[in-house]
Amino acid sequence: QCIGEEQYASVWRAAADDGHGHTSYAIKTFNIRGEWRRPEDFQRALDKENELLDAVKELRCPHLPRFEEAFADETLGLYCIVMEHVEGSTLRERM
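Just so you know, these numbers come straight off a predicted model, no measurement behind them.

Peer 1: When you look at helix α1 (residues 39–58) in this model, what are you seeing that I'm missing?
Peer 2: In an α-helix, one turn spans 3.6 residues; hence positions three or four apart end up facing the same way. Its 20 residues place the ends of α1 29 Å apart at the C-alpha level, agreeing with the 28 Å of an ideal helix rising 1.5 Å per residue. Of the positions making up α1, those classed as buried are Asp 41, Phe 42, Leu 46, Glu 49, Leu 53 and Val 56. The arc enclosing the buried residues of α1, seen along the axis, measures out at 125 degrees, which places them on a common side. Counted as exposed and oriented over 90 degrees from the buried face of α1: Lys 48, Glu 51 and Glu 58.

See below:
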């Protein structure tokens, strides 16, 4: 289920049982093969996301979603960021 759209990314809600009781995840996907005007624009966007991820990975706050993983799926042409889904607001709103 798509729960958000940005210029070059979409956010999807997914359900899975990780064995720890967390069953709802937010997956932000970037289209690697998207209509980026210049390759360096895509790299700049990924660098910005990775900076945010580096900060989020270290946070342990009950009001912020937990970072799970980030990976590229070359077959689908997507770069994905997986975080715990928190109902009601975006990560940006919570920060």
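Let's pick the thread back up.
Peer 1: Please explain the side chain of Lys 28 as it appears in this structure.
Peer 2: With respect to the element layout, Lys 28 can be found in strand β3 (residues 24–31). Assessed through its relative accessible area of 13%, Lys 28 is described here as buried. Residues within four places of Lys 28 in sequence aside, it is in contact with Glu 6, Ala 9, Ser 10, Val 11, Glu 49, Tyr 79, Cys 80 and Ile 81.

Peer 1: Would you mind going over the pattern of salt bridges with me for this structure?
Peer 2: A side chain of one charge can pair with a side chain of the opposite charge when the charged atoms of the two come close. Evaluation of the coordinates by the stated rule reveals two salt bridges. Residue Arg 66 pairs with Glu 68 through a salt bridge whose shortest N-O separation is 2.4 Å. Among the residues examined, Glu 68 registers a relative accessible area of 30% and is labelled partly exposed. Between Arg 66 and Glu 84 there is a salt bridge whose closest N-O contact spans 4.0 Å. One end of the pair, Arg 66, is in the loop between α1 and β4 (67–73); the other, Glu 84, is in strand β5 (residues 78–84), with 18 residues separating them in the sequence. It is possible to trace a salt-bridge network through shared partners that takes in Arg 66, Glu 68 and Glu 84.

Peer 1: What is the right way to read the pairing of β3 from this model?
Peer 2: One face of the sheet, then the other: side chains in a regular strand alternate in exactly this way. With six of its eight residues buried, β3 lies for the most part within the structure. In terms of strand pairing, β3 meets β5 through seven bridges, oriented antiparallel. Note on β5: the bridge partner recorded for Ile 27 is Val 82.

What counts and what doesn't
Residues numbered from 1 in each chain as written. Predicted model: local features only at pLDDT ≥ 70, side-chain atom pairs only at ≥ 80, totals over all residues. Heavy atoms only, no water. Helix = DSSP H or I, 4+ residues; strand = E, 2+ residues; numbered from the N terminus. Expected span 1.5 Å × (residues − 1). Buried < 20%, exposed > 50% of the residue type's maximum accessible area, 1.4 Å probe, protein only. Arc of directions from axis to C-beta. Contact = heavy atoms within 4.5 Å. Salt bridge = Lys/Arg side-chain N within 4 Å of Asp/Glu carboxyl O. Pairing = 2+ DSSP bridges.

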